[in-house]
Amino acid sequence: MSESNVQRGQEWLSNLLGHLGVETPVSIDKPDIAQTKFRDFGGFWLTIDDSGLSPEQVDLLIGNNGRMLDAIQYLINSTLNLGKDKEARTAYTIEMSDVRVNRYEELTQLADKAAQSVRETGQEYVMPPINSAERRLVHTILFDESDLETVSRGQEPDRRLVVMLAAHEDAQDD
């Protein structure tokens, strides 16, 4: 079933690109960083091949700070998961020109900075605004840090990820 989901996503993205007048291959290879460091975060990765595209086409598809890629990613996830139960949904990450890989590296540095600050000061660290997918990624990055907890607070568009010391319950002898 997952093979058909990734092919379905690949076809959907290729069709969308065709409607935009962009004919280029879409690969399904997941970058190493997503498989190792981020625990297969992002489900299926669909990478738009930019090697035969003009700089204008690349700029159009990436958008300002990756906003167009974000919009395409939102559309594919919303469209292909419409009406599915949460367990049956498929996550798609849209990549091009290493935009996601580079952003994931930035988020890793931000998570490391937050973790260091919390450990040094004992105070909560409220991260700058990031979108929900990026908040989930930071939760994933810090998941194995047993001395830390992450929570999201507030309402969109001002929802923030907060890193804090974990509240460990003392063991009790009964």
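Note that the structure is a prediction, hence the values are computed from the model and not measured. (Residues numbered from 1 in each chain as written. Predicted model: local features only at pLDDT ≥ 70, side-chain atom pairs only at ≥ 80, totals over all residues. Heavy atoms only, no water.)

With that settled, the discussion passes to the pattern of salt bridges. Opposite charge on two side chains lets them pair, provided their charged atoms get close. Per the counting criterion, the structure on display carries 7 salt bridges. Between Arg119 and Glu145 there is a salt bridge whose closest N-O contact spans 2.6 Å. Of this pair, Arg119 sits in helix α5 (residues 99-121) while Glu145 sits in the loop between α6 (132-141) and β5 (148-153), and the two are 26 residues apart along the sequence. The exposure class assigned to Arg119 is partly exposed, which follows from its relative accessible area of 40%. The closest approach of N and O atoms between Glu156 and Arg135, which form a salt bridge, is 2.4 Å. Here Glu156 is found in the loop between β5 and β6 (160-165), whereas its partner Arg135 is found in helix α6, with 21 residues between them in sequence. Note on Glu156: relative accessible area 48%, which makes it partly exposed. The class for Arg135 is buried, based on a relative accessible area of 4%. Each of Arg103, Glu106 and Glu134 takes part in a single network of salt bridges with overlapping partners. (Salt bridge = Lys/Arg side-chain N within 4 Å of Asp/Glu carboxyl O. Helix = DSSP H or I, 4+ residues; strand = E, 2+ residues; numbered from the N terminus. Buried < 20%, exposed > 50% of the residue type's maximum accessible area, 1.4 Å probe, protein only.)

Low-pLDDT portions of the prediction should not be read for the details of their coordinates. In this model, the protein chain carries a mean pLDDT of 88, and residues with pLDDT of at least 70 account for 89%. Within the model, pLDDT remains below 50 along residues 170-174, and this stretch shows 0 contacts once partners closer than five positions in the same chain are excluded. (pLDDT = per-residue confidence, 0-100. Contact = heavy atoms within 4.5 Å.)

So, about the sheet that holds β5. Backbone hydrogen bonds hold the strands of a sheet together, and the pairing may be parallel or antiparallel. Pairing in this open sheet of 3 strands is antiparallel, and the strands run β4-β6-β5 from one edge to the other. The open sheet terminates on both sides in strands that have one partner only, identified here as β4 (125-126) and β5. Pairing of β4 with β6, which is carried by 2 bridges, proceeds in the antiparallel orientation. Along β6, the bridge assignment pairs Tyr125 with Val163. (Pairing = 2+ DSSP bridges.)

What tends to happen in soluble globular proteins is that the nonpolar side chains get buried as a cluster. By size, the foremost hydrophobic cluster in this structure holds 20 residues, and its most contacted members are Leu107, Tyr125, Met127, Val138, Ile141, Leu142 and Val163. Elements supplying a minimum of two residues to this core: α5, α6 and β6. If one sorts the elements of this core by residue count, α5 sits on top with 8 residues. The residues contacting Val138, other than those within four sequence positions of it, are Leu107, Ala111, Met127, Ile130 and Leu161. Listed in part, the 19 residues of the second largest apolar core include Val26, Ile62, Ile72 and Met96. (Core = buried A, V, L, I, M, F, W, Y, C linked by side-chain atoms within 4.5 Å.)

On to helix α3 (residues 55-62). Among all positions in α3, only Val58, Leu61 and Ile62 are buried. The buried residues of α3 occupy an angular sector of 95 degrees when projected down its axis, which confines them to one face. Along α3, the residues that are exposed and aim more than 90 degrees away from the buried face are Glu56 and Asp59. Immediately downstream of α3, the backbone of Gly63 shows phi near 75 degrees, a positive value. (Arc of directions from axis to C-beta.)

Aromatic rings considered in pairs are described by the distance between their centres and by the relative angle of their planes. Per the counting criterion, the structure on display carries 2 aromatic pairs. For the ring pair Phe44 and Tyr92, a centre distance of 6.1 Å and an interplane angle of 40 degrees mean the geometry is tilted. Within this pair, whereas Phe44 is found in strand β2 (residues 44-48), its partner Tyr92 is found in strand β3 (residues 92-95), the two being separated by 48 residues in sequence. Ring centres of Trp45 and Tyr104 lie 5.7 Å apart, and the angle between their planes is 85 degrees; on these two criteria the pair is classed as edge-to-face. Of the two residues, Trp45 is situated in strand β2 and Tyr104 in helix α5; the sequence distance between them amounts to 59 residues. Judged by its relative accessible area of 7%, Tyr104 is buried. (Phe/Tyr/Trp six-rings, centres within 6.5 Å; stacked < 30°, edge-to-face > 60°.)

A cis amide bond, omega 5 degrees, links Glu156 with the succeeding residue Pro157. By secondary structure assignment, the location of Pro157 is in the loop between β5 and β6. Look at Ser97: it is not a glycine, yet its phi comes out positive at around 55 degrees. Mapped onto the fold, Ser97 is located in the loop between β3 and α5. One non-glycine residue, Asp98, lies in positive phi territory at about 60 degrees. Structurally, the position occupied by Asp98 is in the loop between β3 and α5.

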